[in-house]
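Fold and contact review
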Amino acid sequence: MKLAKRLQSLMLGLAAVAASVPAWAQPATTGNGTYGAATGGTGGPVVHQLNLQPPSTHIAAEIYDLHNLMMIICLVIFIAVFGVMFYSIFKHRKSLGHKPATFHESTAVEIAWTVVPFLIVIGMALPATKTVVAMKDTSNADITIKATGMQWKWGYDYLKGEGEGISFISNLATPRTQVGAPGVLPTEARGENYLMEVDNEVVVPVNKKIRIVTTANDVIHAWMIPAFGVKQDAIPGFVRDTWFKSEHTGTFRGNCAELCGKEHAFMPIVVKVVTAEEYTAWVQGKQKEMAALADDPNKTWTIDELKTKGEKVYTANCAVCHQANGKGVPGAFAPLDGSAVVNGPRADQIHVVLNGLKSGKYPSEMPAWKQLSDTDIAAVITYTRNTWSNKPAENIVQPAEVVAARK
């Protein structure tokens, strides 16, 4: 009777907790109760969550099924092994007069404990291998996006497909007044998406294969969205890739999954999956926004934004002579790695890029690049000053300085 009352109290308590959970934190279900199959959930953490996030992609659903399969296999093995062990201990205990057997080197037993685990491993490996191979197939992507990890934010470049050329930096949007600091309490109530919100979301269309190319500017990061079944390291000097194809619209959240520094907890990832029409409208708006910013010489850029843009300008215009590694061509073109001009006052380098230079040390003179925009010149100079072994005191150039130098 007491047990029944306790069980009833427990059920009432659980019902009360469930009723208090915010709508975004409740796992999605279909009409027949299938976990996450209708909407794929919200891609955010779930209060009192005990299992994986509701999957939004086919791969994530396969991972979820594999997880459940492995848990069942492990449970069956656990019950079988410990069941036999406890049965043997109980039925063959010394108090009943049983004596230990003296046999050894049983061929049947040795064959059994070799063949049975082998079959179990094969049964687990086949579906797992099928899923892993599918996870690595990044071919025939509709859209390719480069994700660059940096301390402590993400840079995104749309490389291929609709939206090609779009580029932006994604920072944590949670204000520091909600976060506080060591020994300092927050002064503002924490929002619903605390530490899981950004100022610029990655926007992609639903039911399209999205290839994510990952790399990093400084240390190892990792691009992870649990609801997509995606986790890929971003390593400096290396290019890795992964993919997802969301079957549901919505906002999906993740974060850097490699310990990358003191603010590792403050570089979330947010992907907004929209309809094809909404995506086209977003692309058009973003392209207009970027065009307006590129033409505005008064905009103050961050060093990461200038380096990202400058790398593209350098590759398109400078690498053919100075080489991708900045070493130049001996006897033909000057090196930029370790260059006195690059490591000297920025005004001198701005003058050289704008007006060219005939030093006499090399047969080919440095041509003038006045045809580049003020932003492009500022970006490529900033890139060369912060790349290879270059470490000048004046390491950043803003477009306004180029405007002033043109006069």
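An account of the accompanying structure is given in this report. (Residues numbered from 1 in each chain as written. Predicted model: local features only at pLDDT ≥ 70, side-chain atom pairs only at ≥ 80, totals over all residues. Heavy atoms only, no water.)

Details of the side chain of Thr-57
Basically, it comes down to this: Secondary structure elements follow DSSP: runs of H or I no shorter than four residues count as helices, runs of E no shorter than two count as strands, and numbering proceeds from the N terminus. Whether two residues touch is decided by their heavy atoms; if any such pair falls within 4.5 Å, the residues are in contact.
Relative to the helices and strands, Thr-57 resides in the loop between α1 (2-20) and α2 (58-91). Once you skip the residues sitting within four places of it in the chain, Thr-57 turns out to touch Ala-227, Phe-228, Phe-244, Lys-245, Ser-246 and Glu-247.

Observations regarding the pattern of salt bridges
Going by this rule: Every case where a carboxyl oxygen of Asp or Glu lies within 4 Å of a side-chain nitrogen of Lys or Arg is listed as a salt bridge. Burial status follows relative accessibility: with a 1.4 Å probe on protein chains alone, a residue under 20% of its type maximum counts as buried, one over 50% as exposed, and anything between as partly exposed.
Going through the model one piece at a time under the given rule, you end up with 12 salt bridges. We note a salt bridge from Lys-312 to Asp-157, for which the minimum N-O separation is 2.8 Å. On the criterion of sequence distance, the pair formed by Lys-312 in helix α6 (residues 303-317) and Asp-157 in strand β2 (residues 153-160) is long-range, its members being 155 residues apart. Since its relative accessible area comes to 40%, Lys-312 is described here as partly exposed.

Quick look at the packing of aromatic side chains
The geometry of an aromatic ring pair is captured by the separation of the ring centres together with the interplanar angle, meaning the angle of the planes. This is how the line gets drawn: Centres within 6.5 Å make a pair out of two Phe, Tyr or Trp rings, where for Trp the six-membered ring is used; the pair is then stacked when the planes are under 30 degrees apart, edge-to-face when over 60, and tilted otherwise.
Within this structure, the stated rule accounts for 13 aromatic pairs. Relative to Phe-168, the ring of Tyr-156 has its centre 5.7 Å away and its plane inclined at 40°; by these criteria the two rings are tilted. You can see Tyr-156 sitting in strand β2 and its partner Phe-168 sitting in strand β3 (residues 167-170), a full 12 residues away along the chain. What makes Phe-168 buried here is its relative accessible area of 7%. A ring pair is formed by Phe-228 and Phe-252, whose centres lie 5.0 Å apart and whose planes are at 45°; its orientation type is tilted. Linking Phe-228 in the loop between β6 (221-225) and β7 (230-234) with Phe-252 in strand β9 (residues 250-256), this pair joins segments that are 24 residues apart in sequence.

Let's talk about α2
Residues separated by three or four positions in an α-helix point in the same direction, a consequence of the helix having 3.6 residues per turn. Under the convention used in this document: Expected helix span is given by 1.5 Å per residue-to-residue step, counting one fewer step than there are residues.
Here α2 spans 49 Å end to end across 34 residues, near enough to the 50 Å set by a 1.5 Å rise per residue. All buried positions along α2 are accounted for by Ile-59, Ala-60, Glu-62, Tyr-64, Leu-66, Met-70 and Ile-73. Lining the buried residues of α2 we find α3 (107-135) and β8 (240-244).

Notes on the side chain of Lys-153
Here is the rule: We define a polar contact as two N or O atoms separated by no more than 3.5 Å, with the added condition that, inside protein, one atom must be a possible hydrogen donor and the other a possible acceptor, whereas residues neighbouring each other in sequence contribute only through side-chain atom pairs.
With respect to the helices and strands, Lys-153 occurs in strand β2. Classification of Lys-153 as buried rests on a relative accessible area of 17%. In terms of polar contacts, Lys-153 uses its side chain to reach the side chain of Asp-304, at 3.2 Å. Those residues within four positions of Lys-153 in sequence are excluded, and the remaining contacts are Thr-148, Ile-169, Ser-170, Asn-171, Met-267 and Asp-304.

A look at the nonpolar core
To be explicit about the condition: For our purposes a nonpolar core is just a set of buried Ala, Val, Leu, Ile, Met, Phe, Trp, Tyr and Cys residues, chained together by side-chain atoms within 4.5 Å.
By size, the foremost hydrophobic cluster in this structure holds 33 residues, and its most contacted members are Ile-145, Trp-154, Tyr-156, Tyr-158, Trp-223, Phe-244 and Val-271. Counting residues per element, this core draws most heavily on strand β10 (residues 268-274), at four residues. If sequence neighbours within four positions are ignored, Ile-145 has contacts with Tyr-156, Asp-157, Tyr-158, Val-202, Val-204, Ile-210, Arg-211, Ile-212 and Val-213. Counting 18 residues, the second largest nonpolar core, distinct from the first, contains Val-313, Leu-336, Ile-381 and Val-397.

Brief notes about the layout of surface pockets
Rules: Cavities and pockets are defined on a 1 Å grid built over the protein atoms alone: a cavity is a set of grid points where a 1.4 Å probe fits but cannot escape, while a pocket is an open set with protein on both sides within 12 Å along at least five of seven lines, and lining residues are those with an atom within 4 Å of any such point. Grid points are joined across faces, edges and corners, and a volume is the space filled by probe spheres set on the points. Charged residues are taken to be Asp, Glu, Lys and Arg, nonpolar residues to be Ala, Val, Leu, Ile, Met, Phe, Trp, Tyr, Cys and Pro, and polar residues to be all remaining types, Gly included.
Volume-wise, the largest pocket comes out at about 700 Å³. Elements represented by at least two residues in the lining of the largest pocket include exactly α6, α7 (319-322), α8 (346-355) and α9 (374-385). Grouping the amino acids of the lining of the largest pocket by side-chain chemistry returns 22 nonpolar, seven polar and two charged. Its volume calculated, the second largest pocket comes out at about 480 Å³.

Observations regarding the pairing of β9
Formally: Any two strands with at least two DSSP bridges between them are considered paired.
Where β6 lies against β9, two bridges are found, and the strand directions are antiparallel. Across the sheet, Trp-223 pairs through a bridge with Cys-256, a residue of β9. In the sheet, β9 pairs with β10 via six bridges, with the strands oriented antiparallel. For Gly-254, the partnering residue across the bridge sits in β10 and is Ile-269.

Points about the sheet that holds β6
As a reminder, the rule being used: Comment: axis = line fitted to C-alpha atoms, over the contacting stretch for helices; angle = value between 0 and 180 degrees taken between N-to-C directions.
Pairing in this open sheet of five strands is mixed, and the strands run β4-β10-β9-β6-β7 from one edge to the other. The outermost strands of the open sheet, each flanked by one partner alone, are β4 (202-205) and β7. This sheet shows a mean twist of 25° between the axes of neighbouring strands, independent of strand direction.

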